[in-house]
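# Close look at the chain arrangement
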Amino acid sequence: MRKICAGVLVALACLAAQAWGAEPNELTAGQSIRINAPPEVVWAVVGDYNGSPRWLPLVERSEIVVGKNNQVGAIRLITRRNGTKVTERLLDHDPKGMRMAYTYIDGAVMASDYFPVISVKDAGDGTSIVEWSAHFKRLAYSIDPPPPGQDDKSMTDFYNGIYKTGLDSLKRVVESGQ
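Predicted model, so just to flag it, every value in this text is computed and none were measured.

Rules and cut-offs
Per-chain numbering applies: the sequence of each chain, read as written, is numbered from 1 onward. Residue-level local features of this predicted model are given only where pLDDT is at least 70; pairs of side-chain atoms are given and counted only at 80 or more, and the full residue set underlies all totals for whole chains, interfaces and linings. Where side-chain values are given, they derive from all heavy atoms of the structure, hydrogens and water being excluded. Strands are treated as partners if at least two bridges between them are detected by DSSP. The secondary structure listing takes helices from DSSP runs of H or I that are at least 4 residues long and strands from runs of E that are at least 2 residues long, numbered from the N terminus. Only the stretch in contact is used when fitting a helix axis, every axis being a line fitted to C-alpha atoms; angles between N-to-C directions are given from 0 to 180 degrees. Residue contacts are defined here by distance: any two heavy atoms, one from each residue, within 4.5 Å place the two residues in contact. Stacked, tilted and edge-to-face are the three classes assigned to paired rings of Phe, Tyr and Trp, where Trp is represented by its six-membered ring and a pair needs centres within 6.5 Å; plane angles under 30 degrees give stacked, over 60 edge-to-face, the rest tilted. Burial here depends on accessible area, computed with a 1.4 Å probe over protein chains only, as a share of the maximum for the residue type. Under 20% is buried, over 50% is exposed, and the range in between is partly exposed. For a lysine, the NZ atom is tested; for an arginine, the CZ atom; a charge sits over a ring if that atom is within 6 Å of the ring centre and within 35 degrees of the ring normal. The distinction between a cavity and a pocket rests on a 1 Å grid over the protein atoms alone: a 1.4 Å probe fits inside a cavity but cannot get out, while a pocket stays open yet meets protein on both sides within 12 Å along at least five of seven lines, and a residue with an atom within 4 Å of a point counts as lining. Grid points are joined across faces, edges and corners, and a volume is the space filled by probe spheres set on the points. Within this document, salt bridges are pairs made up of a side-chain nitrogen of Lys or Arg and a carboxyl oxygen of Asp or Glu, the two lying within 4 Å of each other. As used here, the term nonpolar core means buried Ala, Val, Leu, Ile, Met, Phe, Trp, Tyr and Cys residues forming a set that is joined through side-chain atoms within 4.5 Å.

All right, on to the sheet that holds strand E2 (residues 59-66) then. The seven strands lie next to each other as E1-E7-E6-E5-E4-E3-E2, forming an open sheet whose pairing is antiparallel. The outermost strands of the open sheet, each flanked by one partner alone, are strand E1 (27-35) and E2. Strand after strand, the sheet turns through a mean of 25° between neighbouring axes, direction not considered. Where strand E3 (residues 75-80) and strand E4 (residues 85-94) come together, five bridges link them in antiparallel fashion. Bridge pairing links Arg76 to Glu88 in E4. Against the sheet, helix H2 (residues 39-46) touches E1, E4, strand E5 (99-107), strand E6 (112-122) and strand E7 (128-137), its axis set at about 150° to E6. The strands touched by helix H4 (residues 152-176) within the sheet are E1, E5, E6 and E7, with E1 carrying the most contacts at an inclination of about 20°.

Below is the structure:
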């Protein structure tokens, strides 16, 4: 009987170690858009770390709560249109390279290890290419199967949708001069 109990305990320990040691898939999402404006004009809008309510439909309000706007380390509190809030930290802000990176700190996060980058590039003809991409992991990675809407494809589609909607809105704002 002791051998059977010991065998069962060893098997359970192995299964528990596999479950706790599960590594989530690193996912990526990304979108790009051409905007009929010079890169400096586009960067003036999208490069404003605290200015996302101007062009991103998902965001109702943004407030710098630590540091100064556009300075690495600044923390902003985002209030989404659905009422949820999230804080994000500015990891990189390069006006010359027209590139910005940030991450979630806490709040109603929708992914873990979330690292988005947004950049503006000169398309060479008076227009700009804006790229917005991220790598991240889904929150429910240790649950198999994951809850509805938390699987890898759903999370990738979700972020691709946000980025596409946001870039389409950015294009409208910049091209209309708003």
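That was the structure; now back to the text.
This next bit is on the packing of aromatic side chains. Each aromatic ring pair is described using two quantities: the centre-to-centre distance and the angle formed by the ring planes. Applying the stated criterion across every chain, the model contains nine aromatic pairs. When the ring of Phe158 is compared with that of Tyr159, the centres are 5.2 Å apart and the planes differ by 80°; the resulting orientation is edge-to-face. A relative accessible area of 33% means that Phe158 is categorised as partly exposed. Under the relative-accessibility criterion, Tyr159 is labelled buried at 1%. An aromatic cluster is built from Trp55, Tyr102, Tyr104, Tyr114, Trp132, Phe136, Phe158, Tyr159 and Tyr163, whose rings are joined through pairwise contacts. The positively charged end of Arg76 is found above the aromatic ring belonging to Tyr102, 4.9 Å away from the centroid.

Moving on: empty space enclosed by the protein. Under the criterion given, the structure shown has one cavity of 30 Å³ or more. Estimated volume of the largest cavity: approximately 250 Å³. The wall of the largest cavity is formed by 23 residues, among which Leu56, Arg76, Glu88, Tyr102 and Trp132 lie closest to the centre. Elements represented by at least two residues in the lining of the largest cavity include exactly helix H3 (52-55), E3, E4, E5, E6 and H4.

A word on the pattern of salt bridges. All chains considered together, the criterion is met by nine salt bridges. Ionic pairing is found between Glu88 and Arg76, a salt bridge with its closest N-O pair at 2.7 Å. On the criterion of sequence distance, the pair formed by Glu88 in strand E4 and Arg76 in strand E3 is long-range, its members being 12 residues apart. Here Glu88 matches Arg76 in class, with each residue buried.

Inspection of the secondary structure assignment puts Ser119 in strand E6. Judged by its relative accessible area of 10%, Ser119 falls in the buried class.

By size, the foremost hydrophobic cluster in this structure holds 37 residues, and its most contacted members are Tyr159 and Leu170. Taken together, the elements giving at least two residues each to this core come down to E1, H2, E4, E5, E6, E7 and H4. A total of eight residues in this core trace back to one element, the largest contributor, which is H4. Residues contacting Tyr159, with those up to four places away along its chain left out, are Ala29, Tyr104, Met110, Ala111, Tyr114 and Phe136.

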